[in-house]
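Each chain, letter by letter, is given below.
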Number of protein chains: 2
Amino acid sequence: MAAVTITDPAVIRGEVSASRAAGRVVGFVPTMGALHAGHLALVEQATRECDDVAVSIFVNPTQFGPGEDFERYPRTLDRDLDSLSRLRVRWVFTPTEAAMYPHGAATRVVVAGPACGYEGTIRPGHFSGVATVVCRLFLSVPADRAYFGAKDWQQTRVIERMVRDLGLPIAVVVCPTVREPDGLAMSSRNAYLAPEDRSRAVALSESLREAAAAWDAGADVNGIEAAMRTRLESRGIVVDYVAIADAESLGQVVTGQPAVALVAGRLGSTRLIDNRLLSPRVG
Amino acid sequence: MAAVTITDPAVIRGEVSASRAAGRVVGFVPTMGALHAGHLALVEQATRECDDVAVSIFVNPTQFGPGEDFERYPRTLDRDLDSLSRLRVRWVFTPTEAAMYPHGAATRVVVAGPACGYEGTIRPGHFSGVATVVCRLFLSVPADRAYFGAKDWQQTRVIERMVRDLGLPIAVVVCPTVREPDGLAMSSRNAYLAPEDRSRAVALSESLREAAAAWDAGADVNGIEAAMRTRLESRGIVVDYVAIADAESLGQVVTGQPAVALVAGRLGSTRLIDNRLLSPRVG
């Protein structure tokens, strides 16, 4: 059965509420469209775990900074709907900007903590835009579970923090990053890459694999970060940051707690990020 | 039947959701306790309009600035519960600070627009604290209708703006200010007033009545504001602001739209606010 496309927040809210009232478990996958295999893996996981699945497609202007790629962000609605029609999706929510940001809108959800540093530093206002639209989406699609990709690791920490702090009644499910055969993390922005940049982009995931091996071998954080940076720069990638951080708070690594290796860099005018979870180190 | 007191947000959320699922209309009155006749009028209106009523009592630290009266704010829980026991209240929600602001809490709801100017200028961060806690409370107590007093007029505009922008599924009901026989607006802070300040405090409502008469007689905004200030200062009140503003946006008066007269001043160490709606002026 093809999904029904809904643009009105009140309508999808009513549909989802009715489904839950009938005892069904509802899953929700918020996206900005330009769906790739990573998104579809989220949707597939949601369909396995839930009775009904909603997918939203909304390119959220408030999470793009001035000079970022809001205008050129790929918009492929017909292809997206076609991809979703092959999966057991019940609702596709495609709100207008005016529905998400009503006339005179003046409210922002601002998260500190895990939103500080890394993407939060490079892209001021980005996580506030993400938190605001995700809060708005969660209130429009009051599902049991919401699915996000681990590729945007810091984003998942910000959303979990917001959900806990505001008491939003939804469980955040983080799904593994889906990768191209050579290891490049799936991203809608990969479509921007010129062929020679595409082949160099593999250095991001290579640097993370190398970091994980060094971490497991007991190397120190500074040494790992330096080696990551060297590898990336040797491939002509302009590094925004490389870091080993606490996986939850994104602050300093804590002995015995999971850590994460983070990387962000630019190839030409395309900016890519990736990450890899590291096992807790004891002592 | 005495109300049941609940401290756990998940528990009251379940109770309210179950009541609504059974087709009952739920009303919610958020308060900081120290209940006076103004609060009780809100509760009474809620009991008239709703099947079940929840009242929250939580002195929210994040809406008090440094040097404000958070520590000395009156806390009269036993008397509050006694007052509520005479009304048809089903639930009294008394969350702990740790429940409202979980460990590591880092999320703020920030409203611009109607939160700018007036209280927003005098009390930086106040409305962000209000919006954050009210959002959290609305998610804990997912009622049909929430009741607020018109005495805190700017606050009602901020909350309505937030509700609309985030799509919170609740109707905001603004109830008339309840006044002492001499016209002083009921406020938990009136309890701070020394006897001589109490008698002078009537100048606030007098200045508003005078402003409304002048407005209806066609006086200009600057003249009305000047007269209000003169009256207040002649009674020894230190004026924080007097203003005639658009009742909705709190910006400049718009011809044909409702306006509001606002006043805030200090008597000794006590700060009081009041307001009065003005009829739209045509032409």
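Residues numbered from 1 in each chain as written. Chains lettered and ligands numbered in written order. Predicted model: local features only at pLDDT ≥ 70, side-chain atom pairs only at ≥ 80, totals over all residues.

Chemist: Can you explain the overall build of chain A? Please cite residues and give values.
Modeler: Looking only at helices and strands, chain A features ten helices and ten strands. For 283 residues, the compact-globule estimate of 2.2 N^0.38 gives 19 Å, and chain A sits close to it at 19 Å. Considered along the principal axes of its C-alpha atoms, chain A spans approximately 55 × 45 × 40 Å. The burial tally for chain A puts 44% of its 283 residues in the buried class. The contacts in chain A between residues at least 6 apart in sequence include a share of 69% that link residues at least 24 apart. (Helix = DSSP H or I, 4+ residues; strand = E, 2+ residues; numbered from the N terminus. Rg over C-alpha atoms; globule rule 2.2 N^0.38 Å. Buried ≥ 20, exposed ≤ 12 C-beta atoms within 10 Å, placed from the backbone. Contact = placed C-beta atoms within 7 Å.)

Chemist: Describe the interface of chain B and chain A, with residues and values.
Modeler: Across the boundary between the two partners, chain B contributes 26 residues, which contact 26 residues of chain A. For the side of chain B that touches chain A, the elements supplying multiple residues, two or more each, are helix H1 (9-21), strand E5 (107-111), helix H6 (126-140) and helix H7 (153-166) of chain B. A class-by-class count of the residues in the side of chain B that touches chain A yields 15 nonpolar, five polar and six charged. Here five bridges tie strand E5 (residues 107-111) of chain A to E5 of chain B, and the two strands are oriented antiparallel to one another. Bridge pairing links Arg108 of chain A to Val110 of chain B in E5 of chain B. (Nonpolar A, V, L, I, M, F, W, Y, C, P; charged D, E, K, R; others polar. Pairing = 2+ DSSP bridges.)

Chemist: Summarise the sheet that holds strand E10 (residues 270-278) of chain A; cite the residues concerned and give the values.
Modeler: Residues and elements named next belong to chain A. The three strands lie next to each other as E8-E9-E10, forming an open sheet whose pairing is antiparallel. Each of the sheet's edge strands pairs with one partner strand only, and the pair in question is strand E8 (238-246) and E10. Each neighbouring strand pair of the sheet contributes to a mean axis angle of 10°, computed without reference to strand direction. Bridge count for strand E9 (residues 259-267) against E10 is nine bridges, and the pairing is antiparallel. By the bridge assignment, Ala259 is partnered in E10 with Leu278. Strands E9 and E10 of the sheet are contacted by helix H9 (residues 202-216), whose axis makes an angle of about 25° with E10. (Axes fitted to C-alpha atoms, helices over the stretch in contact; angles between N-to-C directions.)

Chemist: Hey, could you go over unusual backbone geometry for me, with residue numbers and the actual values?
Modeler: All names here are of chain B. Its identity is not glycine, yet Ala34 carries a phi of approximately 50°, on the positive side. Within the element layout of this structure, Ala34 appears in the loop between strand E2 (26-31) and helix H2 (37-49). Positive phi, normally seen in glycine, also occurs at Leu250, with a value near 65°. Of note, Leu250 is situated in the loop between strand E8 (238-246) and strand E9 (259-267).

Chemist: Now, about the environment of Arg198 of chain B: what can you tell me, with residues and values included?
Modeler: Here Arg198 of chain B shows up in helix H8 (residues 195-200). As for Arg198 of chain B and Leu267 of chain B, which are separated by 69 residues in sequence, their C-alpha atoms are 8.6 Å apart.

Chemist: Please set out the relation of the copies chain B and chain A residue by residue, giving values where relevant.
Modeler: Overlay of chain B on chain A (RMSD 0.0 Å): rotation 180°, translation along the axis 0.0 Å. The operation mapping one copy onto its partner corresponds to a two-fold rotation axis. For chain B, the residue whose C-alpha comes nearest the rotation axis is Val109 of chain B, separated from it by 2.3 Å. Mapped onto chain A, 100% of the interface residues of chain B again fall at the interface, so both copies present the same surface. (Least-squares fit on C-alpha atoms with pLDDT ≥ 70 in both.)

Chemist: Tell me about the domain arrangement of chain A, and name the residues and values.
Modeler: Residue and element names in this part refer to chain A. Each assigned domain of chain A is listed with its residue range as follows: domain 1 (4-175) and domain 2 (188-276). Inter-centroid distance (C-alpha atoms) of domain 1 to domain 2 is 26 Å. With twelve residues of domain 1 at the contact, the number on the domain 2 side is 13 residues. In terms of residues, the side of domain 1 that touches domain 2 owes the most to one element, helix H7 (residues 153-166), which gives three residues. (Domains from an automatic or database assignment.)

Chemist: Give me the pairing of E2 of chain B: which residues, what numbers.
Modeler: Residue and element names in this part refer to chain B. Within E2, six of the six residues are buried, which leaves the element mostly enclosed by the surrounding structure. By the alternation rule, side chains of E2 split into Val26, Phe28 and Pro30 and Gly27, Val29 and Thr31, which are all buried. In terms of handedness, the path from E2 via H2 over to strand E3 (residues 52-57) forms a crossover that is right-handed. Strand direction decides the pairing type here: E2 and strand E6 (residues 145-149), joined by two bridges, are parallel. Looking at the pairing, Gly27 lines up with Arg145 of E6. (Right-handed = clockwise from strand over helix to strand, strands pointing away.)

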